Structures are given as C-alpha cells and as structure tokens.
Protein chains: 2
Amino acid sequence: MLQDQQYLRIPGPTPIPPSVQRAMAKPMIGHRGNETSELIRSIKPRLNKVFGTKQDVLIVTGSGTSGLEAAVVNAVKPLDEVLVIVTGAFGARFVNICEAYGIRVHKYEVEWGKAFNPIEIQQHLRTIPKISAVFATYCETSTGVMNPIHELAAAVKEVSDALIIVDGVSCVGGVETKMDEWAIDIMVTGSQKAFMLPAGLMFIAVSERAWDVIHSNPNRGFYLDLSKYRDNLAKDTTPFTPALSLLFGLDQVLDLLEKEGLENVYSRHALLKEMVRGAFKALDIPLLTNDEDASDTVTAVRPDEIDVEQFRKVIKKEFGLSVAGGQERLKGKIFRIGHMGYCSPADVLQTLSMIEIGLIQSGNEIELGKGVAAAQRIYLKNGANYR
Amino acid sequence: MLQDQQYLRIPGPTPIPPSVQRAMAKPMIGHRGNETSELIRSIKPRLNKVFGTKQDVLIVTGSGTSGLEAAVVNAVKPLDEVLVIVTGAFGARFVNICEAYGIRVHKYEVEWGKAFNPIEIQQHLRTIPKISAVFATYCETSTGVMNPIHELAAAVKEVSDALIIVDGVSCVGGVETKMDEWAIDIMVTGSQKAFMLPAGLMFIAVSERAWDVIHSNPNRGFYLDLSKYRDNLAKDTTPFTPALSLLFGLDQVLDLLEKEGLENVYSRHALLKEMVRGAFKALDIPLLTNDEDASDTVTAVRPDEIDVEQFRKVIKKEFGLSVAGGQERLKGKIFRIGHMGYCSPADVLQTLSMIEIGLIQSGNEIELGKGVAAAQRIYLKNGANYR
C-alpha cells in the first residue's frame, strides 16, 4: 500500500492545510516581545468576524474541554442551578463539568440524533425559575446534529435571565455564527475542527452581561480565569505563555478564510453536507439525523446491513481512511464522517468512493458509484455557489 | 473555493509525500563532510534495486534532459551515426540533443500513440550497419505509451553492437526496470516523476560495455562527464555540490519504496492504469493508446465531443485539478492524466470523479458516476494486490 498517505475524515482533529503547516514551522519567538504582540493584533479583529461579535475573542492554550470548563468556572457559582440541554455526548460533558464544581444541574435530555426545540426549552424553563445559565451544544459531534442555537436566546429570554452558554467546538468557523445578534452570552470553540489547526487553542467570547456575572464571581480558578485573558488581550498579550506555533498557524488560517470569504466557507460546508447525505440516500443507507437537524460539519450514518466497527477497520486498512465510530449508546451502530475545515467537494467525492468500496467489502450489496453520482449531481446543481 | 488545495495529476512533476517534504526541510549540512557521505552510502544500494543493475547509479544535479544530454555526450562521438526511435515528443528530444553535437541521426518514426516493434527495429538496423547507439524512450510521456524496452537489446544485438540508451524519465521507479537483465547500456531518469521528488536530480546508470566506450571518448564535456561522477561515487561523494535537500528527500523516498515493496509499487501503478482506462472505456471516451501499448504511469485521453483545452481550464478553475494537455501534433486533441509516484487508487477515484463533473460542464453528456464505478469494480477485482 502506498506509504505516507492517510485520509482523515473524522469530525476533528481535521487535516491541516499545507500553508498552515508551513506557518507553524516558523522559528520560535519570544512571547513577550513585539513580534508576538503584532501577531495577536493581526489575529484579534479577524476572530471577531468568525464569532460574529464585537466582544473580545479570548485565546487560551488548551483543548475544547478547557473552554467548556472556563465557561462553567467563570460564569456559574457553586450551588447555582443550571439547565444543560443534552443532545449527545458533548452535552453530557457540560453536566460532568458542572457536577465537578458542585453546581446543581437540571438535565434536559433530547433523543440522540435529534435537535432540541427552543419553544420546548422555554416551556421547560417555566417549571424551574431559578436557573442562572442554560448550556447548549451548537453542533453535537456525537450525533451529527446542528441545534437551533440562533433561536435559543430569544426563546429563553421570555421566561428567564439565565446566561446562554454554547459549546461551538465542532462547527464555529465552518457555519454561520452571529453571537451578538443571537444574544449568546458565552461561545466556545477549539482549534482542531473547522479552524483547520491541531488541537491546542481554545477560543472563547463573553457578552457584557456575562462579564458582569463573571466579575461578581470571586472563585474563578487561576489558569482559566477569563478576566486575566481579557485584560492581557487589551494589551495584545496573553496571561500565560501561549502555544506560539499554533498562533502562527491561526494567523494563516484566518488568511485562508478571508481569501475564500466567510460566506463561501459556510456555503461550502452546507454543500458538503448535501453531497454526503445525498450519496447515502441514493445508496439507500439510513442516516441518523433528519435533514432539518443535520449538521453541516459532520454526518452520522446508521447502516443496517453491516458490522460498523468491522467496516471502519476495512476502510482504514484498505485506504488509510479514518471515519469516526459511535459514542456511548451509539457505539457500534453508526459511523460519522467529518466534512469540515480543510475539506473540498472533491475530498467528499473521494471519501464516498472509498466508502462504497468498503461497504461492498463489508458485505453491503450496494450499487457501486451510485452514491458518488448522487453527490456529483448535487455538486453540479449547487456548484455555482462553490466556485 | 477552498484555498491552498491543488490536485496535481500531470505526468510530472508529481505530488511530494509529506514525510519527504519534511525530510527535505532538514537543516543544511556540509557537502564534503561525513554526514553527506553517510547519506550517499544509504542511498547507493537502494537505487541499484530500482534500476535493476549492479552498476553504480550516478546521481547528478540536473533535470531529466541533462541526463539525456549526459548519455549523448559521454557515449557518442561527433560524426558517429545513431538511430533514434521517435515515438513522441521525448524521442524527438534525443534527436535535437544529438544534432546539437553534430552526431548523424537516423530517425525511426513511429505513429504517435503507438509503441515501437523491436523486430521492426532489428530489420531497420540491417539497412544502416554503422550505427553506434540506439536511443529509445521507455515511457513516452507525450502519448502515454510504454515501449517494449525489455525486448529491445535482444533484438538489436542480433544485427548490431550499438549501445542501447534509454530515457526512463517518466516511469523508472514506478514500473519494473531490469537494466542488467534486459542489457540496457545507459538508463536515465529524473527525480520529479515516479521518484516523488521535486525536479533537480537526475539518475543515470551505465553498463561495463558503455563505460568502455565512454573511457575511449576524449570529449565528454565537463559538468556532465560521467566518469567524474563514477570516481566520486566510489568514495561516497559527488564531483560538484549536490542538491542536498533533494538527497535528504531521496533517502526518505527510498524508505517509502522499501516499506511498500518494489513489487507492490509496480503492481499499484499497473492497477492505477487499469482503473483510469476502465473508467474512460465505461464512459465511452476514446483513449489515444491501445491496451497493449499503454503506460502504467500516464494515460492519454482523446475525447471527441469537447474542447480539450477548455475542459482543462474548467477543471483547474473548478477544483484546482491539473491534467496535462497534448504536445505538438497532439495539442488540443488529448489530455493526459499522470498516475505515478505519490498516487493511490483513492486518488485516481477522486480524479475521475472531478473529471466526470468537468466533462459535463464542458458539454459531454456522460452518465455521472459511471467511470468511477468502473474503476471501483477494477479496484475490487484487483485490490488484493494493492493491500
């Protein structure tokens, strides 16, 4: 088998563009010098556009989970009551973090594979009046669901002053995010998904309303105390040594996103979703999620005729193609294709052509080429948006 | 359009594997020191296997054409008579080089798109007894023809003592090459084709019989005087400053070829050819060359319903996909797909899926997915050889 070749189509970490790889290989610089300040000045305003906010987007060295924890530890006090909307494994992670801090959690569970309904959240909140924060997941990576985050705050505000805290890890940068317009109070994402970087940076933005809550909270920990990051970012620096090579890469990623145009980035991701879903529909292989709830960045496939884990081994061995399996209750039942970040329509066609072969090899009697052809037709129909 | 992404499927230069890219980024070393000698010692015996020879494979800093010129200037004297078998543009280059040195050239022209017939060469040689060298092209890049080099020397030897000089630029490293067994006297290749490197190195091996001719030739020029390279290689060094980063890369390329196994490398290339040809046959689009004469490394397609140059622009703009056009008399009539070096079956499937879309966009009413499906079927039938 051709050495040195892997096709990484899991929902993060995602492939790194060559120019970003090169940028990350730049020589190290002093983290308290002018060069680093210039780098941060170059990055700052461009992150605002990705988040759709006028607030500072704080840059923290840590993985996505450190961002979820930072939201909890800064904006919620022990003994506060919070509502966590759980639509999959990453909603459940918010629960675990809150419980680790003695926060009283009300779980709102949604069937895995479905999005939450903001009106139902509103109705549920009427029954628990003392909620200080509502936690939600934008893209639920474990199920390939994109929740209607844009409608959440408006629904909540009619019945509660709770802060709206959103895990945007597996989609921000790949899908439209209007934090200010949608009245999100805290939005978190990580570097290793639509941001096309290795894991290691976490980005978090905070509304004025949430800053008031944070400043009134005396117990914000140390490393994840967001006020430190805000104060330092105002001076174009960071409170602790930043992961500089990732900042070199981030600057280049923002160049790439600017050159493509954010609107084009978002329509590319929507097109990739349509192509992937269209292919499996043509092959008559069930998807976990309906069209309305489906994420632009990750698609969960629920084949009923093959051993999913065996199939994943087959395509990994055969082509070096990695797709993700199911998590927890979906383990062994689904596989998940990541189509975010450095992923083109041609990459999706290639992934589908390998998957079709793997399905045959795993005993699923599909018609070869049928899924690829469906994706090609969708591309041709929508491709004018891509060019 | 997604930035920073290009699909390079021309018959060279070819894409560089990531580990080779990394190897080439190693810090520079002194070219007369021990490290360089160790590097050359690591490379030497492994190049022999690729060439199928016990002779030294000389490493020269230059492009493939410098190798063709080295063969001419070392092994042929002015006023000598030579036979050049011209099966396309690169056969013609041998003619130009010979003429630049005042060598008397007999051209043996073969219709472009067809391979030469060794028995016909033998018959032709009977009519011109004083030939001192026969020049041939292994893979004729301009037409996608692979000539029967393995049968050439045996046919020639029955009627002539002429040296057999072969341009192996666009296939050695990707197809079986048994220089000693096939009695080739001089074999040349370049780094930017099946060797998965940038252009800049040329490899040339010489039989004992040809060395005798070379040593008796007083006018071998200076930079391309092969005896200098031979004498220096014996001491694990080079006569002139070598392109060291390409040597770093070459060492890694040889690692990759070893890990895959040369036999597997060759069967992969044969499989890629079958997949590409099977796809166009399924789409009912003519190929320039018949099955018997077709190269494992490049395929020339001769569509009759589209403007080829317009089609090439469409796929370049649409996907960043580069395929080559036709040269000279084939300009505007064919396009050529390179499938050598760092190219997997999945890459061929991807290329075909893009080409199908480009054909539709160029007005060729093919059935989408049909070529991909044919290639998938061929893969499944032959894939056991690939794994």
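Residues numbered from 1 in each chain as written. Chains lettered and ligands numbered in written order. Predicted model: local features only at pLDDT ≥ 70, side-chain atom pairs only at ≥ 80, totals over all residues.

**Things to note about the overall build of chain A**
What chain A contains, in helices and strands, is 13 helices and 14 strands. Taken over the C-alpha trace, chain A has a radius of gyration of 21 Å; the compact-globule value for 387 residues is 21 Å, and the two agree within 12%. On the principal axes, the C-alpha backbone points of chain A span a range of 60 × 55 × 35 Å. Expressed as a percentage of the 387 residues in chain A, the buried residues total 53%. (Helix = DSSP H or I, 4+ residues; strand = E, 2+ residues; numbered from the N terminus. Rg over C-alpha atoms; globule rule 2.2 N^0.38 Å. Buried ≥ 20, exposed ≤ 12 C-beta atoms within 10 Å, placed from the backbone.)

**What to know about the domain arrangement of chain A**
Quoted interface sizes are often the accessible area lost when the parts come together. All names here are of chain A. The assigned domain composition of chain A is domain 1 (7-14 + 262-385) and domain 2 (18-258). Computed from C-alpha atoms alone, the centre-to-centre distance between domain 1 and domain 2 is 27 Å. Domain 1 puts 26 residues into the contact, and the matching count from domain 2 is 26 residues. Among the elements of the structure, helix 10 (262-282) and strand 11 (298-301) are those that each provide at least two residues to the side of domain 1 that touches domain 2. Ranked by residues supplied to the side of domain 1 that touches domain 2, first place goes to helix 10 with four residues. Per-class residue counts for the side of domain 1 that touches domain 2 are twelve nonpolar, nine polar and five charged. (Domains from an automatic or database assignment. Contact = placed C-beta atoms within 7 Å. Nonpolar A, V, L, I, M, F, W, Y, C, P; charged D, E, K, R; others polar.)

**Considering the interface of chain B and chain A**
Contact with chain B, which involves 36 residues of that partner, is made by 36 residues of chain A. Those elements giving two or more residues to the side of chain B that touches chain A turn out to be helix 1 (18-24), helix 9 (244-260), helix 11 (308-319), helix 12 (345-361) and helix 13 (370-382) of chain B. It is helix 12 of chain B that provides the largest number of residues to the side of chain B that touches chain A, a total of eight residues. Each residue belonging to the side of chain B that touches chain A can be placed in one class, and the counts come to 18 nonpolar, eight polar and ten charged.

**Some details on the pairing of strand 11 (residues 298-301) of chain B**
The side chains of a regular strand alternate, first on one face of the sheet and then on the other. Residues and elements named next belong to chain B. Burial along strand 11 is two-sided: the face carrying Val298 and Ala300 and the face carrying Thr299 and Val301 are both buried. By the bridge criterion, four bridges tie strand 11 to strand 14 (residues 335-338) in an arrangement that is antiparallel. When the bridges of strand 14 are listed, Ala300 appears paired with Arg336. (Pairing = 2+ DSSP bridges.)

**Side note on the sheet that holds strand 11 of chain B**
Hydrogen bonds between backbone groups are what pair the strands of a sheet, and the pairing can be parallel or antiparallel. If you walk across this open sheet you meet the three strands as 11-14-13 (chain B), and the pairing is antiparallel. With partners counted over all chains shown, the strands left at the sheet margins are strand 11 and strand 13 (324-325) of chain B, one partner each.

**As for the sheet that holds strand 14 (residues 335-338) of chain A**
Strand order in the open sheet formed by three strands is 11-14-13 (chain A), with antiparallel pairing between adjacent strands. A strand with exactly one partner marks an edge of an open sheet, and here the two such strands are strand 11 and strand 13 (324-325) of chain A.

**Quick notes on the nonpolar core**
Nonpolar side chains in soluble globular proteins tend to be buried together. Counting 264 residues, the largest nonpolar core has Val134(A), Ile186(A), Ile204(A), Val134(B), Ile186(B) and Ile204(B) as the members making the most contacts within it. Sequence-distant contacts of Ile204(A), that is, excluding residues within four places in its chain, are made with Leu58(A), Val60(A), Gly67(A), Ala70(A), Ala71(A), Ile186(A), Val188(A) and Leu226(A). (Core = buried A, V, L, I, M, F, W, Y, C linked by C-beta atoms within 7 Å.)

**As for the environment of Gly369(A)**
Assignment of secondary structure puts Gly369(A) in the loop between helix 12 (345-361) and helix 13 (370-382). When the C-alpha positions of Gly369(A) and Ile16(A) are compared, they lie 28 Å apart, and in sequence the two are 353 residues distant. Residue contacts for Gly369(A): discarding those within four places in its chain leaves Glu356(A), Gly369(B), Lys370(B), Val372(B), Ala373(B) and Gln376(B).

**Description of the relation of the copies chain B and chain A**
Overlaying chain B on chain A yields an RMSD of 0.0 Å, the required transformation being a rotation through 180° with an accompanying axial translation of 0.0 Å. The superposition operator between the copies reduces to a two-fold rotation axis. Of the interface residues in chain B, 100% have counterparts in chain A that sit at the interface too, so the contact is made through matching surfaces. (Least-squares fit on C-alpha atoms with pLDDT ≥ 70 in both.)

**What about unusual backbone geometry?**
Residue and element names in this part refer to chain A. With an omega dihedral of -5°, the bond running from Gly12 to Pro13 counts as a cis peptide bond. Positionally, Pro13 belongs in the loop between strand 1 (7-8) and helix 1 (18-24). Located in the positive-phi region is Glu328, a residue other than glycine, with phi close to 50°. Secondary-structure assignment places Glu328 in the loop between strand 13 and strand 14.

**Observations regarding helix 4 (residues 89-100) of chain B**
All names here are of chain B. For helix 4, with twelve residues, the first-to-last C-alpha span of 17 Å sits near the 16 Å given by 1.5 Å per residue. All of the buried residues in helix 4 are Phe90, Gly91, Arg93, Phe94, Ile97 and Cys98. Within helix 4, the buried residues cover an arc of 150° as seen down the axis, which keeps them to one side. Downstream of helix 4 by one or two residues, Gly102 has phi in the positive range, about 75°. (Expected span 1.5 Å × (residues − 1). Arc of directions from axis to C-beta.)

**With respect to the pairing of strand 4 (residues 104-109) of chain A**
As paired strands, strand 3 (residues 81-86) of chain A and strand 4 of chain A are joined by six bridges and run parallel to one another. Its bridge partner lying in strand 4 of chain A, Leu83(A) is registered against His106(A).

**Thoughts on the packing of helix 5 (residues 118-126) of chain B against helix 6 (residues 149-157) of chain B**
Residues and elements named next belong to chain B. Contact geometry of helix 5 with helix 6 gives a least axis separation of 9 Å together with a crossing angle of 30°. Accordingly, the angle class assigned to the pair helix 5 and helix 6 is roughly parallel. Helix-helix and strand crossings are classified by hand; for helix 5 and helix 6 the assignment is right-handed. Across the interface between the two elements, Pro118, Ile119, Ile121, Gln122 and Leu125 of helix 5 pack against Glu151, Leu152, Ala155 and Val156 of helix 6. (Axes fitted to C-alpha atoms, helices over the stretch in contact; angles between N-to-C directions. Parallel < 35°, antiparallel > 145°, perpendicular 65-115°, else oblique. Left-handed = near helix turned anticlockwise from the far one by under 90°.)

**A few points about the packing of helix 2 (residues 34-51) of chain B against helix 9 of chain B**
All names here are of chain B. The contact between helix 2 and helix 9 brings their axes to 10 Å, and the two run at 40°. Between helix 2 and helix 9, the crossing angle belongs to the class labelled oblique. Note on packing geometry: the crossing formed by helix 2 with helix 9 is left-handed. Contacts from Thr36, Leu39, Ser42, Ile43 and Arg46 of helix 2 reach helix 9 at Leu244, Leu247, Leu250, Asp251, Leu254 and Glu258.

**With respect to the confidence of the model for chain A**
Taken over all residues, the pLDDT of chain A has a mean of 96, while the share at 70 or more is 99%. The ipTM value of the predicted complex is 0.90, and its pTM value is 0.94. (pLDDT = per-residue confidence, 0-100.)

**Overview of the environment of Pro345(A)**
Relative to the helices and strands, Pro345(A) is located in helix 12. On a C-alpha basis, the gap between Pro345(A) and Gly369(A) in space is 16 Å, while along the polypeptide they are 24 residues apart.

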